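A structural walkthrough
The residues making up each chain are set out below.
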Amino acid sequence: MAKRVAIVGAGVSGLASIKCCLEEGLEPTCFERSDDLGGLWRFTEHVEEGRASLYRSVVSNSCKEMSCYSDFPFPEDCPNYVPNSQFLEYLKMYANRFNLLKHIQFKTKVCSVTKCPDFTVTGQWEVVTQHEGKQESAIFDAVMVCTGFLTDPYLPLDSFPGINTFKGQYFHSRQYKYPNIFKDKRVLVVGMGNSGTDIAVEASHLAEKVFLSTTGGAWVISRVFDSGYPWDMVFTTRFQNMLRNSLPTPIVNWLLARKMNSWFHHANYGVVPEDRTQLREPVLNDELPGCIITGKVLIKPSIKEVKENSVIFNNTPKEEPIDIIVFATGYTFAFPFLDESVVKVENGQASLYKYIFPAHLPKPTLAVIGLIKPLGSIIPTGETQARWVVRVLKGINKLPPQSVMIEEVNARKENKPSGFGLCYCKALQEDYITYIDELLTYINAKPNLLSMLLTDPRLGLTIFFGPSTPYQFRLTGPGKWEGARNAILTQWDRTFKVTKTRSVQESPSPFASLLKLLSLLALLMAIFLIFL
């Protein structure tokens, strides 16, 4: 049984891993190369090597009820979508609440993690670290890697002919911190992901002109969804997920497109995705359509050629004068402290069973946490991964034979669509609810909905039809949290508390009461048909 566990990185997944180790009686030591915890969520004025970097205005794309740790809700007065400074404060509250800081060694870089000579017997690892220029070596029974995948910028300059002749300024979005650099400039942002769209919108408030270049387009949604509810509390429900996964993919894609276009028609704004068969992560931005319709942001196709002071776009012969180019072209990831024989990265993914365990190792004593892109928050995803991992390290849960794990990893790499539900065919993409439920099943912590509908129907209905908040993952099994039920039943109260800051008297409507009654009858009928 593993006892001493090395954890690399003190970001959101690293903190969860420390706590999970402590809950199972393991001895974690977390190595963090910077001088504070928080990982991605800790803003710094300058980019730090080996750390994710964010700009000052970053706000969470997943709301507080969906992106908290499963047994530690955000404070009630916290906004639904959390600015990075408040997110960092939440992480520090979490670390203090569960006494995690004493297990973290700050300003300590992990130089190498190598198998001990007797690895096939002991499963142990030698971890070499560096602190203030001095190297140390220690033996650990297991290693949990929590370094994320937003540290190595992908900057394919060869794909932009003439970029070396450009006399203006260009840089990767990782370098961006404040919008004042764009004042009175003509700005081109390349890449229509969340960062690229954010930067283009911010630049539009100060720049002379802003272009946003996209090759494939994207669905753009607002954090403010149906009836003003947070988007992910509406979209990510067990009922909707079951419905989507039971329908053929073309129908799901048609319904998704119709929903996305209900805010604004994407084709009319030049941003509609070209490939609508495979799911691409939607862009969360509340301002982009307004910037486009007022001419503050101009959507352009891919770049044909870069000249000294201008750019030519494909299918548009006109040269556009440009002063600054921001490449929001994404990231690659690597594990420089690990040998390729342990974890090899190819085509944007690694050979990891359930995105966690290297499938070929004779001893399952190394795990990667948070290397996944679910259509949901990474915090509860990484936390659930860690809960399973520590039980594997402790010997309570067993992994399948190597041949079974390798076969599954290879099948996932082929990315063959099932024909039903959303098509998660890109590297690291996963169905959030399905994936977490699978991990919860391994540790006997998945809520039994059918039983709950009989014994606690109010809770059961809330879990099935309401948002799939992380508190559901603590209702039963190891790590059960006594406050989980109440947190689920009061999740909407916390959501509206921070928006309803002015008391409003609503006059009761007889029609509304009748509608509620009919809705309840329809709900009961739906439940009957589902479990028939």
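As annotated in an unreviewed UniProt entry, the protein chain carries the name Dimethylaniline monooxygenase [N-oxide-forming] and is attributed to Felis catus. Taken from UniProt, the Sequence similarities (unreviewed entry) comment for the protein chain reads in full: "Belongs to the FMO family." One UniProt comment on the protein chain, placed under Cofactor (unreviewed entry), says "FAD".

**Things to note about the overall build of the protein chain**
If you tally the helices and strands in the protein chain, you get 16 helices and 26 strands. Relative to a compact globule of 532 residues, whose C-alpha radius of gyration would be 24 Å, the protein chain shows 24 Å and is just as compact. Each principal axis of the C-alpha distribution contributes one length, and for the protein chain these read about 70 × 65 × 45 Å. Relative to its full complement of 532 residues, the protein chain shows a buried share of 50%. A total of about 24600 Å² of accessible surface is found on the protein chain, and carbon and sulfur atoms cover 54% of it. Between the averaged position of the 56 positive side-chain charges in the protein chain and that of its 52 negative side-chain charges there is a distance of 3 Å.

**Structural notes on the sheet that holds strand 18 (residues 324-327)**
The parallel open sheet is built from 5 strands, whose spatial order is 9-18-10-11-14. One side of each edge strand has no neighbouring strand; the edge strands of this open sheet are strand 9 (169-172) and strand 14 (297-300). Sheet twist, expressed as the average angle between the axes of neighbouring strands with direction ignored, equals 20°. Examined bridge by bridge, strand 10 (residues 186-190) and strand 11 (residues 209-213) share 5 bridges and lie parallel to one another. In the strand pairing of strand 11, V189 is matched with L212.

**Focus on the pairing of strand 18**
Neither face of strand 18 is left uncovered, since the one carrying I324 and V326 and the one carrying I325 and F327 both have all their residues buried. Two elements, strand 9 and strand 18, share 4 bridges in a ladder whose sense is parallel. Looking at strand 18, one finds that F171 is bridged to V326. Bridge count between strand 10 and strand 18: 4 bridges; the pairing is parallel. Across the sheet, residue V190 finds its bridge partner in strand 18, namely F327.

**Points about helix 10 (residues 402-414)**
With 13 residues, helix 10 extends 19 Å from end C-alpha to end C-alpha; this agrees with the ideal 18 Å at 1.5 Å per step. If you check which residues of helix 10 are buried, you get M405, V409 and R412. For helix 10, the angular spread of buried residues about the axis comes to 65°, placing them on one side. Structural note: helix 10 exposes S403, E407 and E414 on the side pointing more than 90 degrees away from its buried face. Next to the buried residues of helix 10 lie strand 21 (349-350) and strand 22 (352-353). Residue N415 follows helix 10 closely and has a positive phi angle near 55°.

**Some points on the state of the cysteines**
In the structure shown here, the tally under the stated rule is 0 disulfides. C20 takes part in no disulfide bond, and the closest cysteine sulfur to it belongs to C21, at a distance of 7.3 Å. With no disulfide partner, C68 has as its closest neighbouring cysteine sulfur the one in C63, 8.7 Å distant.

**Section: the side chain of E32**
With respect to the secondary-structure elements, E32 resides in the loop between strand 2 (27-31) and helix 2 (84-97). An unpaired buried charge is present at E32: no salt bridge exists, and R51, the closest side chain of opposite charge, is 4.7 Å distant. E32 has contacts with G9, A10, R51, I104, Q105, F106, K107 and T108, leaving out every residue within four places of it along the chain.

**A few points about the nonpolar core**
With 125 residues, the main nonpolar core has L15, Y69, M144, F182 and L366 as its most contacted residues. Looking at which element gives the most residues to this core, the answer is helix 9 (residues 378-393), with 7 residues. In this structure, C63, V252, L375 and L422 belong to the second largest nonpolar core, which totals 18 residues.

**Observations concerning helix 6 (residues 238-246)**
Every buried residue of helix 6 is listed here: R238, N241 and R244. The buried residues of helix 6 occupy an angular sector of 130° when projected down its axis, which confines them to one face. Turning to helix 6, the residues buried within the fold contact helix 5 (231-235), helix 7 (249-260), helix 11 (432-442), helix 12 (449-455) and helix 13 (457-465).

**Section: a nonpolar patch on the surface**
On the surface, a cluster of nonpolar side chains totalling about 370 Å² of accessible area is made up of L514, L515, L518 and L521. The topology assignment puts L514 in helix 16 (residues 510-530). Judged by relative accessible area, which is 45%, L514 ranks as partly exposed.

Each value, and the rule that gives it
Residue numbers here run from 1 along each chain, matching the order of that chain's written sequence. With the structure being a predicted model, the display of local features is reserved for residues of pLDDT at least 70 and the display and counting of side-chain atom pairs for 80 or more, all residues being used for whole-chain, interface and lining totals. Hydrogens and waters are ignored; side-chain quantities use all the structure's heavy atoms. UniProt positions are given in the numbering used here, feature names are shortened, and annotations may be inferred rather than shown by experiment. Counting from the N terminus, the helices are the DSSP runs of H or I reaching at least four residues and the strands are the DSSP runs of E reaching at least two. Each radius of gyration reported is based on C-alpha atoms, and the globular scaling rule is 2.2 Å times the count of residues to the power 0.38. Exposure classes here rest on a 1.4 Å probe applied to the protein chains alone. A residue is buried below 20% of its type maximum, exposed above 50%, and partly exposed in between. Note on areas: Shrake-Rupley with a 1.4 Å probe; residue coverage comes only from the protein chains shown. Charge counting treats Lys and Arg as positive and Asp and Glu as negative, with His and both chain ends excluded. To locate a charge, take NZ of a lysine, CZ of an arginine, CG of an aspartate or CD of a glutamate. One bridge is not enough; two strands pair if DSSP finds at least two bridges between them. Under this scheme, a helix contributes an axis fitted over its contacting stretch, all axes are lines through C-alpha atoms, and angles between N-to-C directions fall in the 0 to 180 degree range. The length a helix should cover is 1.5 Å for every residue beyond the first. Our arc is simply the arc of the directions from the helix axis toward the C-beta atoms. Residue contacts are defined here by distance: any two heavy atoms, one from each residue, within 4.5 Å place the two residues in contact. In this description, the term disulfide denotes a pair of cysteine sulfurs within 2.5 Å. In the sections that follow, a salt bridge refers to a side-chain nitrogen of Lys or Arg positioned within 4 Å of a carboxyl oxygen of Asp or Glu. Only buried Ala, Val, Leu, Ile, Met, Phe, Trp, Tyr and Cys residues count toward a nonpolar core, and they belong to the same one when joined by side-chain atoms within 4.5 Å. Patch members must show over 30% relative accessible area and no salt bridge, and they are joined within 9 Å when carrying like charges or within 5 Å when they are nonpolar side chains of Val, Leu, Ile, Met, Phe, Trp or Tyr.

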